[in-house]
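Commentary on secondary and tertiary structure
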Protein chains: 2
Amino acid sequence: MHRVRVRVVEDALDANNTIARANRDDFDRHGVTVVNLMSAPGAGKTTLLERTLGGLSVRAGVLEGDVQGSLDADRLASLHLPVVQLNTGNGFGGECHLDANMVRSALPALPLEDIDLLIIENVGNLVCPAEFRVGEDVRIMVSSVAEGEDKPLKYPLMFRACSLVVVNKLDLLPYVDFDMERFLHHLNAVHPGVETIQCSARTGEGVEELREWLERVPARIPA
Amino acid sequence: MHRVRVRVVEDALDANNTIARANRDDFDRHGVTVVNLMSAPGAGKTTLLERTLGGLSVRAGVLEGDVQGSLDADRLASLHLPVVQLNTGNGFGGECHLDANMVRSALPALPLEDIDLLIIENVGNLVCPAEFRVGEDVRIMVSSVAEGEDKPLKYPLMFRACSLVVVNKLDLLPYVDFDMERFLHHLNAVHPGVETIQCSARTGEGVEELREWLERVPARIPA
């Protein structure tokens, strides 16, 4: 009897990864580098974008992910960059994260030919966004000092899934119980050697460093 | 031909609600009032429990929900109350919320006969916890002023699903861009008339009010 061995390639069966690769192909075809920006609610993702995107030397666009509403997209309007709002509450069941198919549904609204860098601002959540690739090149995680130094230990997958951890709201350090050394120690335990930038979107401290990091993303991606 | 009309009762087909009712029956049998405590990561749920549970006039217990680890349960150990850790990472796929079945799996570890009030501290998340009843009597939502005044508009389901909104970290008000009037205006837009308590777990402001609210929960529940 002839036996055919079927090797099940788990990754290939995952619909999300299949669609993420299709997104990736579209981004590549237009030479667009893509950042998946993740954090808990209120960590300051949008304010960081307001502060960094204006002065970028590359042409940037933003895909704003939210359960509902367009508050964040509206805030970014003054930057005069292409900004597209994607709501998981419209046809996607109010999901707590973006997935590859949602991002794909937004692609026609994005002027990929006019941008070099696309920032996808994910739904504020420290669990599920890490489980869904959307076609990004890199992931950045923003963690606010107001959230506490234990977050890497409580949500390790998020902190492991990213190439850069931005520690935001440094201006609040004198007023919260947050020991930076302990935070970095916890972070190193779950993701040894991950890059970090300490900043304050409010005072502007560290924002230039983040801007330079974003400008260097294309150079980091293997051709 | 004889036709039988089957009326599909959506709620009855929902496995989570079925199990939540079974939990509810067990809680009722032991006369235990149950609070589902929800918030974004780092809003201060555990610190609030540290500050309020010690001085309660009712016998309290805590079910600590986390993706992994027992940091929060360890912090509450000094209160000498029954504390049970429930990890969604162990056998529950690392879910971003507690559901009725997870809580049910923890019931044998809970001394229901020895407590009057059970606080279930949910996973830090502003989306999915609101969609899963676990058998609770009431839900409390904690929102920190560091998260920003726009949160009720961005995560309306969470703010609608609760009986009380605790606005925490009042001590940070001078250092963050948070207009309490606007927050309360947004909150009233998504959940008109919901009760609120403004407090600071760090300074103790408003903690007594929260303690009294928790002690009054049993009286609020219809017999």
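Keep in mind that this is a model prediction, so the values were computed, not measured.

1. Quick notes on the confidence of the model for chain A
Confidence in the prediction for chain A averages 92 pLDDT; 92% of positions are at 70 or higher. The ipTM assigned to the predicted complex is 0.87, against a pTM of 0.91.

2. Points about the relation of the copies chain B and chain A
Mapping between the two chain copies consists of a rotation about an axis together with a translation along that axis. Rotating chain B by 180° and translating it 0.0 Å along the rotation axis places it on chain A, where the RMSD comes to 0.0 Å. Such values leave the two copies arranged in the relation of a two-fold axis. Within chain B, Asn-125 of chain B has its C-alpha nearest the rotation axis, a separation of 3.0 Å. In this assembly the copies share their binding face: 100% of the residues contributing to the interface of chain B also contribute to that of chain A.

3. Description of the environment of Gly-61 of chain B
Residues and elements named next belong to chain B. By secondary structure assignment, the location of Gly-61 is in strand 2 (residues 60–66). Residue class for Gly-61 comes out buried when judged on its relative accessible area of 1%. Remark: the alpha-carbon pair of Gly-61 and Val-32, spanning 29 residues in sequence, is separated by 9.8 Å. Ignoring sequence-local partners within four residues, the contact set of Gly-61 consists of Pro-82, Ile-115, Leu-117, Leu-118 and Ile-119.

4. Quick look at the state of the cysteines
In total, this model carries zero disulfides over all chains according to the counting rule given. Cys-162 of chain A carries a free sulfur, and the closest cysteine sulfur to it, the one in Cys-199 of chain A, is 14 Å from it. With no disulfide of its own, Cys-96 of chain B lies 3.4 Å from the sulfur of Cys-128 of chain A, the closest cysteine sulfur. You can call Cys-96 of chain B buried: its relative accessible area is 2%.

5. Description of the environment of Ala-40 of chain B
You can see Ala-40 of chain B is positioned in the loop between strand 1 (33–39) and helix 3 (45–52). Along the chain, Ala-40 of chain B and Leu-56 of chain B lie 16 residues apart, while their C-alpha atoms are 25 Å from each other. With sequence-adjacent residues up to four places away left out, Ala-40 of chain B is seen in contact with Pro-41 of chain A together with Lys-45, Gly-124, Asn-125, Leu-126, Val-142 and Glu-147 of chain B.

6. What about the side chain of Asp-72 of chain A?
Turning to its location among the elements, Asp-72 of chain A is positioned in helix 4 (residues 71–76). According to the relative accessible area criterion, Asp-72 of chain A is buried, its value standing at 0%. Contacts of Asp-72 of chain A, omitting those with residues within four sequence positions, involve Thr-46, Glu-64, Asp-66 and Glu-121 of chain A together with Asp-150 and Lys-154 of chain B.

7. Focus: the packing of aromatic side chains
Counted according to the given criterion, the structure contains five aromatic pairs over all chains. Judged by centre distance (6.2 Å) and plane angle (70°), the rings of Phe-159 of chain B and Phe-183 of chain B are edge-to-face. Residue Phe-159 of chain B is located in helix 7 (residues 156–160), and its partner Phe-183 of chain B is located in helix 8 (residues 180–190); the two are separated by 24 residues in the primary sequence. Plain terms: the ring middles of Phe-178 of chain B and Phe-183 of chain B are 5.3 Å apart, the flat faces sit at 40° to each other, and that makes the pair tilted. Each of the two residues, Phe-178 of chain B as well as Phe-183 of chain B, counts as buried. Put simply, the rings of Phe-159, Phe-178 and Phe-183 of chain A pair up and form one aromatic cluster.

8. Concerning the pairing of strand 7 (residues 195–198) of chain B
All names here are of chain B. Looking at chain direction, strand 6 (residues 164–168) and strand 7 are connected through four bridges and run parallel. Within strand 7, the residue paired with Leu-164 across the bridge is Glu-195. Taking the sense of rotation as the criterion, the β-α-β connection linking strand 6, helix 8 and strand 7 turns out right-handed.

9. Comments concerning helix 2 (residues 15–29) of chain B
Residue and element names in this part refer to chain B. Here helix 2 is 15 residues long and its end C-alpha atoms lie 21 Å apart, about the 21 Å a rise of 1.5 Å per residue gives. Sitting at the amino-terminal end of helix 2 is Asp-14, which places a side-chain oxygen 2.8 Å from the backbone nitrogen of Asn-16. A positive phi of about 65° marks Gly-31, the residue just after helix 2.

The rules behind the values
- Residues numbered from 1 in each chain as written.
- Chains lettered and ligands numbered in written order.
- Predicted model: local features only at pLDDT ≥ 70, side-chain atom pairs only at ≥ 80, totals over all residues.
- Heavy atoms only, no water.
- pLDDT = per-residue confidence, 0-100.
- Least-squares fit on C-alpha atoms with pLDDT ≥ 70 in both.
- Contact = heavy atoms within 4.5 Å.
- Helix = DSSP H or I, 4+ residues; strand = E, 2+ residues; numbered from the N terminus.
- Buried < 20%, exposed > 50% of the residue type's maximum accessible area, 1.4 Å probe, protein only.
- Disulfide = S-S within 2.5 Å.
- Phe/Tyr/Trp six-rings, centres within 6.5 Å; stacked < 30°, edge-to-face > 60°.
- Pairing = 2+ DSSP bridges.
- Right-handed = clockwise from strand over helix to strand, strands pointing away.
- Expected span 1.5 Å × (residues − 1).
- Polar contact = N/O pair within 3.5 Å; in protein donor to acceptor, adjacent residues only side chain to side chain.

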